[in-house]
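Listed here are the chains, written in short residue letters.
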Amino acid sequence: MNSTRFPRIARVRARSDFDRIFKHGRRVALPVLALHFQADESIAPRLGLAVSRKVDPHAVGRNRIKRVLRDAFRHLRAELAGGDYVVVARPGASRCTGEELRAAFHSLLKRAGARSPLALPATAAPGTMPAASPSSDTTPDSGPG
């Protein structure tokens, strides 16, 4: 059995839970996402998603946003503080790539204090070379001529 599954108990589903989190939780926001967070160490971290038609009129686009955010949460769930997290997508989210959405989600969790900044993933893919700095692009002269 895969430990990174997204079980039903890891989801905020009831409208009353969403209302409680919106009313009593802390909110941090970026131009593309907003995070409503209510800490409760007695429960495991749970995720709720709100992606309206204003974000993307097409179901495919809304589902892509939700899929990316669910996947990011699933991989971070063990590192998060207990409580309920509700992510509200904003209209700019439909123009973001999956990696940009993940980075925004990581940033929101860091700003909310739900995750330590040291646990953020590296920005470069493993095995890639760093960009060359302009000062190191000197080539030796082959002499006059």
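Right above here is the structure, for reference.
This is a predicted model, so every value here is computed, not measured.

## Notes on helix α2 (residues 59-76)
The terminal C-alpha atoms of α2, which comprises 18 residues, lie 26 Å apart, in line with the 26 Å expected from a rise of 1.5 Å per residue. When we look at burial in α2, the residues that qualify are Gly61, Arg62, Ile65, Val68, Leu69, Ala72, Phe73 and Leu76. All buried residues of α2 project into a common sector of 130 degrees when viewed along the axis, lining one side. Exposed and facing more than 90 degrees away from the buried side of α2 are Val60 and His75. As for α2, its buried residues are in contact with β2 (33-39), β3 (46-50), β4 (83-89) and α3 (98-112).

## Examining the pairing of β4
Across the 7 residues of β4, 6 count as buried, placing the element largely inside the fold. Here β2 pairs with β4 via 7 bridges, running antiparallel. Paired with glutamine 38 across the two strands is aspartate 84, which belongs to β4. Pairing of β3 with β4 involves 5 bridges; the strand directions are parallel. By the bridge assignment for β4, alanine 50 is matched with valine 88. Crossover handedness for the path β3 to α2 to β4: left-handed.

## What to know about the environment of valine 86
As for its position among the elements, valine 86 is in strand β4. When the C-alpha atoms of valine 86 and arginine 27 are compared, they prove to be 9.4 Å apart, with 59 residues separating the residues in sequence. Setting aside its immediate chain neighbours within four residues, valine 86 contacts Phe18, Ile21, Phe22, Ala34, Leu35, His36 and Gly48.

## A short note on the environment of arginine 67
Locating arginine 67 in the fold gives a position in helix α2. By relative accessible area, which is 48% here, arginine 67 ends up partly exposed. With 18 residues separating them along the chain, arginine 67 and leucine 49 place their C-alpha atoms 10.0 Å apart.

## Examining the packing of aromatic side chains
One pass over the full model with this rule turns up 3 aromatic pairs. Judged by centre distance (6.3 Å) and plane angle (40 degrees), the rings of phenylalanine 18 and phenylalanine 22 are tilted. Here phenylalanine 22 and phenylalanine 18 lie together in helix α1 (residues 15-24), a separation of 4 residues that amounts to about one turn. A relative accessible area of 16% means that phenylalanine 18 is categorised as buried. Counting every residue linked through ring pairs, the aromatic cluster contains Phe37, Phe73 and Tyr85.

About the criteria used
Starting afresh in each chain, residues are numbered from 1 along the sequence in its written order. Local features in a predicted model are, by the rule used here, given only for residues with pLDDT of at least 70; side-chain atom pairs are given and counted only at 80 or more, and totals for whole chains, interfaces and linings are based on all residues. Water and hydrogen atoms were dropped before computing side-chain values, which therefore reflect all heavy atoms in the structure. Here a strand is any run of E in DSSP of at least two residues, a helix any run of H or I of at least four, and the numbering for each starts at the N terminus. Multiply 1.5 Å by the residue count of a helix minus one, and that product is the helix's expected span. Buried means the residue's accessible area, taken with a 1.4 Å probe over protein chains only, is under 20% of the maximum for its type, while exposed means over 50%, and partly exposed covers the values in between. Within this analysis, the arc is defined by the directions that extend from the helix axis to the C-beta atoms. Two residues qualify as a contact provided that any one of their heavy atoms is within 4.5 Å of a heavy atom in the partner residue. Strands are treated as partners if at least two bridges between them are detected by DSSP. With strands facing away from the observer, any crossover in which the path from the first strand over the helix to the second runs clockwise is taken as right-handed. For Phe, Tyr and Trp, where Trp contributes only its six-membered ring, two rings pair if their centres lie within 6.5 Å, and the inter-plane angle classes them as stacked under 30 degrees, edge-to-face over 60, or tilted in between.

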